[in-house]
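Spelled out, the chains give:
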Amino acid sequence: MPYRICKQIVVESGHMLAKHPDKCQFPHGHTRRVEFVLEADDLDRNDMVCDFKVITSSVNDLIQTYDHSMCMNTDDPKYPQFKAAYGDRVIGFTSMDPTTEVIAKTIFDAAKARLTLHAEDASAAFPLRPTVRLVRIRVWETETSWAEYAE
């Protein structure tokens with residue numbers, strides 16, 4: 001069984017679900033806990049999968065784009081108005097509702113690309129071996145509800 005580590009980053013994030021038949025169609029927010037799970041078959045020379053700082057340095061700015069933002073379906077009739085008023089604090093999801101499932105996959109794809117770049121950086125203060133794998137992203141929407149994405 002491989003070794004696994006998990007790092008959590010917490011942000012305050014809002015969304016609107018245009019396709020939802022009830023209250024979730026209105027602007028509302030969540031304290032989102034984003035979990036990054038990485039694994040390796042063996043440990044590095046420091047007896048780690050990798051240093052937790054690898055995760056933070058690779059993805060923190062990505063996750064911070066979600067902090068105090070509003071995620072919206074670009075097909076929502078209110079999207080242009082929100083985007084014009086709040087600029088980059090509105091994150092558009094092309095023709096998709098930004099459900100927690102969709103957000104988890106979006107973060108997974110971006111985090112995987114960033115971790116790959118980090119592994120290729122020979123000058124990184126905290127190296128990442130190419131054999132370390134991103135296993136999953138779990139996004140908590142509430143204290144009792146989460147969605148995750150894994151390949």
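Residues numbered from 1 in each chain as written. Predicted model: local features only at pLDDT ≥ 70, side-chain atom pairs only at ≥ 80, totals over all residues. Heavy atoms only, no water.

> Tell me about the overall build of the protein, residues and numbers included.
In terms of helices and strands, the protein carries three helices and six strands. If you list the helices and strands of the protein from N to C, you get β-β-α-β-α-β-α-β-β. Based on the C-alpha atoms only, the size of the protein along its principal axes is roughly 55 × 30 × 20 Å. Split into buried and exposed, the 151 residues of the protein put 40% on the buried side. The contacts of the protein with a sequence gap of at least 6 include a subset with a gap of at least 24, amounting to 66%. For the protein, the accessible surface area stands at approximately 8500 Å², while carbon and sulfur atoms represent 55% of it. With 18 positive and 23 negative side-chain charges, the protein shows a separation of 1 Å between the mean positions of the two kinds. (Helix = DSSP H or I, 4+ residues; strand = E, 2+ residues; numbered from the N terminus. Buried < 20%, exposed > 50% of the residue type's maximum accessible area, 1.4 Å probe, protein only. Contact = heavy atoms within 4.5 Å. Areas by Shrake-Rupley, 256 points an atom, 1.4 Å probe, with all protein chains shown as cover. Lys, Arg positive; Asp, Glu negative; His and termini not counted. Charge placed at Lys NZ, Arg CZ, Asp CG, Glu CD.)

> Please set out the packing of helix H1 (residues 52–64) against helix H3 (residues 100–120) residue by residue, giving values where relevant.
Axis separation between H1 and H3 bottoms out at 10 Å; the angle between their running directions is 135°. Put simply, H1 runs oblique to H3. In this structure, the crossing between H1 and H3 has a hand that is right-handed. Of the residues in H3, those in contact with Val 54, Ser 57, Ser 58, Val 59, Asp 61, Leu 62 and Ile 63 of H1 are Ile 107, Ala 110, Ala 111, Arg 114, Leu 115 and His 118. Residues that form the contact of H1 with H3 fall into these classes: eight nonpolar, three polar and two charged. (Axes fitted to C-alpha atoms, helices over the stretch in contact; angles between N-to-C directions. Parallel < 35°, antiparallel > 145°, perpendicular 65-115°, else oblique. Left-handed = near helix turned anticlockwise from the far one by under 90°. Nonpolar A, V, L, I, M, F, W, Y, C, P; charged D, E, K, R; others polar.)

> So what about the nonpolar core? Which residues, and what values?
Ranked by internal contacts, the top residues of the largest apolar core, which has 30 residues, are Phe 36, Leu 38, Ile 63, Tyr 66, Ile 107 and Ile 137. The set of elements that each furnish at least two residues to this core consists of strand E1 (3–15), strand E2 (28–40), H1, strand E4 (90–93), H3 and strand E5 (133–140). In this structure Ile 107 touches Val 34, Phe 36, Leu 62, Ile 63, Tyr 66, Ile 137 and Val 139, once residues within four positions along its chain are discounted. By size, the runner-up hydrophobic cluster in this structure holds six residues, among which are Met 16, Met 72, Tyr 79 and Phe 82. (Core = buried A, V, L, I, M, F, W, Y, C linked by side-chain atoms within 4.5 Å.)

> Tell me about the sheet that holds E2, residues and numbers included.
Here six strands make up an open sheet; going across it, the order is E4-E3-E1-E2-E5-E6 and the pairing mixed. The sheet is open, and its two edges are formed by E4 and strand E6 (146–149), each paired on a single side. The sheet shows a mean angle of 35° between the axes of neighbouring strands, direction not considered. The pairing of E1 with strand E3 (residues 69–73) spans three bridges and is classified as parallel. (Pairing = 2+ DSSP bridges.)

> Talk me through the pattern of salt bridges; I want residue IDs and the actual numbers.
Summed over all chains, the structure comprises 11 salt bridges. Asp 42 serves as the salt-bridge partner of Arg 129, at 2.9 Å between the closest nitrogen and oxygen. Of this pair, Arg 129 sits in the loop between H3 and E5 while Asp 42 is found in the loop between E2 and H1, placing the two residues 87 residues apart along the sequence. One network of salt bridges, with partners in common, ties together Arg 4, Glu 39, Asp 41 and Arg 133. (Salt bridge = Lys/Arg side-chain N within 4 Å of Asp/Glu carboxyl O.)

> Report on the environment of Val 135, specifying residues and quantitative values.
Note that Val 135 resides in strand E5. We classify Val 135 as buried; its relative accessible area is 17%. As for Val 135 and Arg 4, which are separated by 131 residues in sequence, their C-alpha atoms are 8.7 Å apart. In this structure, Val 135 is in contact with Arg 4, Val 37, Leu 38, Glu 39, Phe 108, Tyr 149, Ala 150 and Glu 151, ignoring residues within four places of it in sequence.

Interpretation note: all reported values are geometric properties and have no functional meaning in isolation.
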